[in-house]
Amino acid sequence: AQSVTQLGSHVSVSEGALVLLRCNYSSSVPPYLFWYVQYPNQGLQLLLKYTSAATLVKGINGFEAEFKKSETSFHLTKPSAHMSDAAEYFCAVTSYSGAGSYQLTFGKGTKLSVIP
Amino acid sequence: DAGITQSPRHKVTETGTPVTLRCHQTENHRYMYWYRQDPGHGLRLIHYSYGVKDTDKGEVSDGYSVSRSKTEDFLLTLESATSSQTSVYFCAISDRRGDRGYGYTFGSGTRLTVV
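Right, let's walk through the structure included here. On a predicted model such as this, the values are computed, not experimentally measured, just so you know. (Residues numbered from 1 in each chain as written. Chains lettered and ligands numbered in written order. Predicted model: local features only at pLDDT ≥ 70, side-chain atom pairs only at ≥ 80, totals over all residues. Heavy atoms only, no water.)

Of regular secondary structure, chain A possesses zero helices and eleven strands. Listed N to C, the secondary structure of chain A is β-β-β-β-β-β-β-β-β-β-β in terms of helices and strands. On C-alpha atoms alone, chain A measures out to a radius of gyration of 14 Å, which is about the 13 Å that the 2.2 N^0.38 rule sets for 116 residues. C-alpha atoms of chain A, sized along the principal axes, occupy 50 × 30 × 20 Å. Looking at chain A as a whole, 47% of its 116 residues qualify as buried. Per element, the accessible surface of chain A, about 5,400 Å² overall, is 53% carbon and sulfur. Here chain A contributes 8 positive and 6 negative side-chain charges, whose respective centroids are spaced 6 Å apart. (Helix = DSSP H or I, 4+ residues; strand = E, 2+ residues; numbered from the N terminus. Rg over C-alpha atoms; globule rule 2.2 N^0.38 Å. Buried < 20%, exposed > 50% of the residue type's maximum accessible area, 1.4 Å probe, protein only. Areas by Shrake-Rupley, 256 points an atom, 1.4 Å probe, with all protein chains shown as cover. Lys, Arg positive; Asp, Glu negative; His and termini not counted. Charge placed at Lys NZ, Arg CZ, Asp CG, Glu CD.)

What follows is the structure, given as structure tokens:
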């Protein structure tokens, strides 16, 4: 079964500093990987996705992620943190659930705090 | 997201009572999912549907049932609510058509408290 592990349940960065959120996956087939963001009291919003095209994926709000097969990683980065980036971030991998349906399996999330 | 709505947004119920949460979509997507979100656990799949009257269990289905009589509506029922079912419930939709890379669109969630 496919799974993802997010390293660090809480990450704090200073405003303007590099954001790095870590995600490692486990998959027996080539994975499709996603990053979602959740702002307080809201649903999840897709940040970016990897679907076996370019290994460096650019998303919304200046975020990007690099797929590294050798490291089974899909870490999320942003060069300069903004206060509005404070949220919870979820990594997810697609897995087949039968009857032609695929489901997303999520990591436990990383809460990002941005310090002014 | 405007194409998917959940109701109610908040609910407080007593232990042992039945509760039904509704997910309504206007996107005509085939696939619908119910997740629960709990601190330290991320999102866990409860049930999903791959068409009208076609549903299957997810990772944490015990104590929950679902129904989908129309493409646009996916209902989640807690047969007899327990305190362990206090959570935030999210509905998601997808129009996969075999494309694994589509991702989901999520509703805004229902915060359920069982007292």
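Next, the rest of the story.
We now examine the pairing of strand E8 (residues 73-78) of chain B. All names here are of chain B. Most of E8 sits out of view: five of its six residues are buried. Pairing between strand E3 (residues 19-25) and E8: six bridges, direction antiparallel. Bridge assignment links Leu21 to a residue of E8, and that residue is Leu76. Pairing between strand E7 (residues 64-70) and E8: five bridges, direction antiparallel. Within the sheet, the bridge partner assigned to Lys70 lies in E8 and is Asp73. Two successive antiparallel strands, E7 and E8, enclose a turn made up of two residues. (Pairing = 2+ DSSP bridges.)

On the side of chain B, 26 residues touch chain A, which itself brings 26 residues to the contact. Taking both partners together, chain A and chain B bury about 2,000 Å²; carbon and sulfur atoms supply 53% of that area. On the chain A side of the interface with chain B, the three residues burying the most area are A:Leu44, A:Tyr102 and A:Phe106, jointly 25% of the side's total. Where chain A meets chain B, there are zero salt bridges. Summed over the shared surface of chain A and chain B, the number is four residue pairs in polar contact (both at pLDDT 80 or more). At the level of elements, strand E4 (33-38), strand E5 (44-50), strand E9 (87-98) and strand E10 (101-106) of chain A are the ones that each hand at least two residues to the side of chain A that touches chain B. The residue makeup of the side of chain A that touches chain B, split by class, is eleven nonpolar, twelve polar and three charged. (Contact = heavy atoms within 4.5 Å. Buried area = accessible area lost by both parts, 1.4 Å probe. Salt bridge = Lys/Arg side-chain N within 4 Å of Asp/Glu carboxyl O. Polar contact = N/O pair within 3.5 Å; in protein donor to acceptor, adjacent residues only side chain to side chain. Nonpolar A, V, L, I, M, F, W, Y, C, P; charged D, E, K, R; others polar.)

Take the sheet that holds strand E3 (residues 19-26) of chain A next. Residues and elements named next belong to chain A. Taken together, the five strands give an open sheet; going across it, the order is E1-E3-E8-E7-E6, and neighbouring strands pair in antiparallel fashion. Pairing within the sheet leaves two strands with one partner each, and these edge strands are strand E1 (3-7) and strand E6 (56-58). Here the average twist between neighbouring strands, direction ignored, is 20°. Note: E3 against strand E8 (residues 73-78), four bridges, orientation antiparallel. (Axes fitted to C-alpha atoms, helices over the stretch in contact; angles between N-to-C directions.)

Moving on: the sheet that holds strand E1 (residues 4-7) of chain B. Residues and elements named next belong to chain B. Spatial strand order, E1-E3-E8-E7: four strands in an open sheet with antiparallel pairing. Among the strands making up the open sheet, the edge pair consists of E1 and E7. Taking the axes of each pair of neighbouring strands and ignoring which way they run, one obtains an average angle of 20° across the sheet. Where E1 meets E3, four bridges bridge the pair, whose relative direction is antiparallel. Within E3, the residue paired with Ile4 across the bridge is Gln25.

The next point concerns the state of the cysteines. Within this structure, the stated rule accounts for two disulfides over all chains. One disulfide bridge connects A:Cys23 with A:Cys91, the sulfur atoms lying 2.0 Å from each other. A torsion of -65° about the S-S bond marks the disulfide between A:Cys23 and A:Cys91 as left-handed. Pair noted here: A:Cys23 is in strand E3 and A:Cys91 is in strand E9, with a separation of 68 residues, a long-range link. By relative accessible area, which is 0% here, A:Cys23 ends up buried. We classify A:Cys91 as buried; its relative accessible area is 0%. Disulfide pairing is shown between B:Cys23 and B:Cys91; the S-S distance is 1.9 Å. Negative torsions about the S-S bond denote left-handed disulfides, and the value of about -75° found for B:Cys23 with B:Cys91 makes this one left-handed. Here the residue B:Cys23 occupies a position in strand E3, and B:Cys91 occupies one in strand E9 (residues 87-94), the gap between them amounting to 68 residues. For B:Cys91, a relative accessible area of 0% corresponds to the buried category. (Disulfide = S-S within 2.5 Å.)

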